[in-house]
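# Tertiary structure, described
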Amino acid sequence: MMNNLFRRKTIDSILADTKAGYTEEGATLNRTLTVRDLTAFGIAAVVGAGIFSTIGNASASGGPAVSLLFVFTAVACGFSAMCYAEFASMIPVSGSAYTYAYASFGEFIAWIIGWDLLMEYAIGNIAVAISWSDYFTGFLSGIGFVIPEYFTMDFLTAWRGHDQVTKLLAEGQTLDTISAGLVDAYNAWLNAPTIGSLRIVADIPALVITLLISYLIYIGIKESRTASNIMVGIKLAIIFLVIAIGFFYVNPENWSPFAPHGVAGVLKGVSAVFFAYIGFDAISTTAEECKDPQRDLPRGMIYSLVICTVLYIIISLTLTGMVNYSELAVGDPMAFVFKKVGLNWISGIVAISAVIATASVFLVFQIGQAHIWMSMSRDGLLPKKFAAIHPKYKTPSFSTIIAGFVVAVPALFMNLTEVTDLTSIGTLFAFVLVCGGTLVLQNSPNVQNAKFRVPYINGQFIVPALFLGTIAVIYFYYPDSWNGFFSMQDPSGAEQGWDVFKHKIPMILFITVATIVTILSFLKKFSLIPVLGLTSCFYLMSELGITNWSRFFIWLLIGLAVYFLFSYRNSKLHQK
């Protein structure tokens, strides 16, 4: 059975299946995307809610030095992007990291990463739908059109808010002393229409955007491409306007101190900053809709990553230059800084841009999710229906409908914003496996013939030197961090034993993986860039905390149950 778990699809067989057409009718996807379209898709996915919201809290924690965190994260993503580009050049099909893992690690790991990608895109878009709803309703209220609270809020938030406010009122507080968010939830619950004893509270705007985007994807990639290009053009124009105006209000004194809370403060923003980069990998799911995927996919990934990194760095420096970093712990930092300097009218422009930017992220993520459902079905790991291609629109029709359903229902009734870090850890896990797959196949004949190759730099001595050098720097220059890692008691003394150790588990896993990769690099002369991509992304995973690791592990356990109950026996490789 162990051999069957790691059975691989050869690259030649993957390409042959794609050329022949996977469906019984031989229907294939419509090839229409160019490098410009792919770059726009990448920008559409990356420049989203992160640039309008999460960048504020990251700047408040790290100060102006958060701009360096964008550089570090971009470098980590850049290593992974090069590995994605090499795979896309070798295997220009829609499966993204799932298909790449099938060819390098085998079916079991491919299933894990496919299941992981479904979580990444689904939960990511649930959060995006809820975020879009907040931006949209905020924009409408700004122009005088107010939607009732019970139709702009999920059921759980309203129920919990009503429960909390009721307790606070019983303790003698008044509505004036309670936070506005809780009061809105309380009023939404009280004023909601009822059917019997059931109160009707639902986030209708989140449902509407899900239906609209899903319909757009359903009817064709050309329509999706056009919508993406328009939205990207508008939001880039607005961002350039904001930067140009903000430049004249920058006070260089606000950049000092540059890193007020040191390295630890900067690293607090890892999750938020990385969440702002999620999405460029979704480009690879459109491989079968590209005119020349082996040439254009690598270019589209690299171009979009470079453009977005430059924008993020400039915007982070602009925001921290306009006001003191300590004031940026707000949900709408870009609008906030312009209000501080008396330019209230720009807030309306920022609100419009946030609505457009969030919708474009939603579009690309939904395309990615539908294509992963389709790719896994083609290999027999999911029911056959998911691989259906619409005869007229040339899109994965059933998978698109399911992807919309998976996002629409939770976004309508549930508040899942607290699990958005699952999207980050899922994406990083995909990056780690793609980089690892590049190392596995670095001597494959298919790599030698690829149009894009990760430049080979022998890591035999460089990787061990970096590993030992990093340990030496931490030991001599950051003794508190070194000693704290081996201590079973937190500095305050409030926690000890298991309560302290469990938070060290992600870092222990990282150190273990880094040690193994270092040894293998020396023995097998691994290529340096994939090694740096694997270790940097695994390090970012270790910074996401034990809670997110626990949730991620539970999701994988559910996936393993599905695999052994259905996918293992129905796999096309198993049938062969």
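Here, the structure is the one placed above.
A brief look at the structure comes next.

### Remarks on the overall build of the chain
When helices and strands are tallied, the chain shows 27 helices and two strands. When the backbone C-alpha atoms are referred to their principal axes, the chain occupies close to 70 × 65 × 50 Å. Counting all 576 residues of the chain, 55% fall into the buried class. At a minimum sequence separation of 6, the contacts of the chain that also span at least 24 residues come to 83%. Just so you have it, the chain exposes about 24200 Å², and 66% of that area is on carbon and sulfur atoms. Of the charged side chains in the chain, 33 are positive and 34 negative; the average position of the first set lies 12 Å away from that of the second.

### Observations regarding the environment of Phe-6
Assignment of secondary structure puts Phe-6 in the loop between α1 (2-5) and α2 (11-20). A relative accessible area of 35% means that Phe-6 is categorised as partly exposed. In the structure, Phe-6 is positioned 103 residues away from Ile-109 in sequence and 7.5 Å away in space, judged by C-alpha atoms. Setting aside chain neighbours within four positions, we find Phe-6 in contact with Phe-105, Gly-106, Glu-107, Phe-108 and Ile-109.

### Looking at helix α25 (residues 528-542)
Compared with the 21 Å implied by 1.5 Å per residue over 15 residues, the 21 Å span of α25 between its first and last C-alpha is a close match. With 14 of 15 residues buried, α25 is to be regarded as a mostly interior element.

### With respect to the nonpolar core
Membership of the largest hydrophobic core comes to 157 residues, with the highest contact counts inside it found for Ile-91, Ile-113, Tyr-277 and Phe-338. Excluding residues within four positions of it along the chain, Phe-338 makes contact with Val-242, Ile-245, Gly-246, Met-322, Leu-343, Asn-344 and Ile-346. Ala-158, Ala-185, Ala-188 and Trp-189 belong to the second largest nonpolar core, which has eight residues in total.

### Details of unusual backbone geometry
A cis geometry characterises the amide bond from Ser-256 onward to Pro-257, with omega recorded as 0 degrees. As for its position among the elements, Pro-257 is in the loop between α12 (221-247) and α13 (262-267). In this model, Lys-525 sits at a positive phi of 55 degrees, which is unusual for a non-glycine residue. Note that Lys-525 resides in the loop between α24 (505-524) and α25. Among the residues examined, Lys-525 registers a relative accessible area of 41% and is labelled partly exposed.

### Quick notes on empty space enclosed by the protein
With the rule as written, the count across this model stands at four cavities of 30 Å³ or more. Here the second largest cavity defines a volume of roughly 40 Å³. Around the second largest cavity, the lining residues are Ile-217, Gly-220, Ile-221, Ser-224, Glu-289, Ile-367, His-371, Thr-395 and Pro-396. Breaking the lining of the second largest cavity down by element, the ones donating at least two residues are α12 and α17 (345-378). Considered class by class, the residues forming the lining of the second largest cavity number four nonpolar, four polar and one charged.

### Considering the side chain of Thr-210
Position of Thr-210 relative to the elements: it lies in helix α11 (residues 204-219). In this structure Thr-210 comes out as buried when scored by relative accessible area, which is 1%. A polar contact is formed between the side chain of Thr-210 and the backbone oxygen of Ala-206, at a distance of 2.8 Å.

### A word on the pattern of salt bridges
Tallied over the full model, the rule gives seven salt bridges. For Asp-379, the salt bridge goes to Lys-9, with nearest N and O atoms at 2.8 Å. Taken together, the residues span a long stretch of sequence, with Asp-379 in the loop between α17 and α18 (397-413) and Lys-9 in the loop between α1 and α2 at a distance of 370 residues. Exposure class is identical for Asp-379 and Lys-9. Each is buried. Sharing partners across several salt bridges, the network here consists of Asp-292, Arg-295 and Asp-296.

### A word on the packing of aromatic side chains
The final tally for this structure, using the stated rule, is 26 aromatic pairs. Consider the rings of Phe-108 and Phe-564, whose centres lie 6.2 Å apart with planes at 40 degrees: the pair is tilted. In this pair, Phe-108 is assigned in helix α8 (residues 107-142) and Phe-564 in helix α26 (residues 546-570), connecting sequence segments 456 residues apart. Under the relative-accessibility criterion, Phe-564 is labelled partly exposed at 33%. By the ring-pair criterion, three or more aromatic residues cluster together here, those being Phe-6, Phe-108, Trp-111, Trp-115, Trp-555, Tyr-563, Phe-564 and Tyr-568.

Rules behind the numbers
- Residues numbered from 1 in each chain as written.
- Predicted model: local features only at pLDDT ≥ 70, side-chain atom pairs only at ≥ 80, totals over all residues.
- Heavy atoms only, no water.
- Helix = DSSP H or I, 4+ residues; strand = E, 2+ residues; numbered from the N terminus.
- Buried < 20%, exposed > 50% of the residue type's maximum accessible area, 1.4 Å probe, protein only.
- Contact = heavy atoms within 4.5 Å.
- Areas by Shrake-Rupley, 256 points an atom, 1.4 Å probe, with all protein chains shown as cover.
- Lys, Arg positive; Asp, Glu negative; His and termini not counted.
- Charge placed at Lys NZ, Arg CZ, Asp CG, Glu CD.
- Expected span 1.5 Å × (residues − 1).
- Core = buried A, V, L, I, M, F, W, Y, C linked by side-chain atoms within 4.5 Å.
- 1 Å grid on protein atoms, 1.4 Å probe; cavity = no way out; pocket = protein on both sides within 12 Å on 5 of 7 lines; lining within 4 Å.
- Points joined across faces, edges and corners; volume = space filled by probe spheres on them.
- Nonpolar A, V, L, I, M, F, W, Y, C, P; charged D, E, K, R; others polar.
- Polar contact = N/O pair within 3.5 Å; in protein donor to acceptor, adjacent residues only side chain to side chain.
- Salt bridge = Lys/Arg side-chain N within 4 Å of Asp/Glu carboxyl O.
- Phe/Tyr/Trp six-rings, centres within 6.5 Å; stacked < 30°, edge-to-face > 60°.

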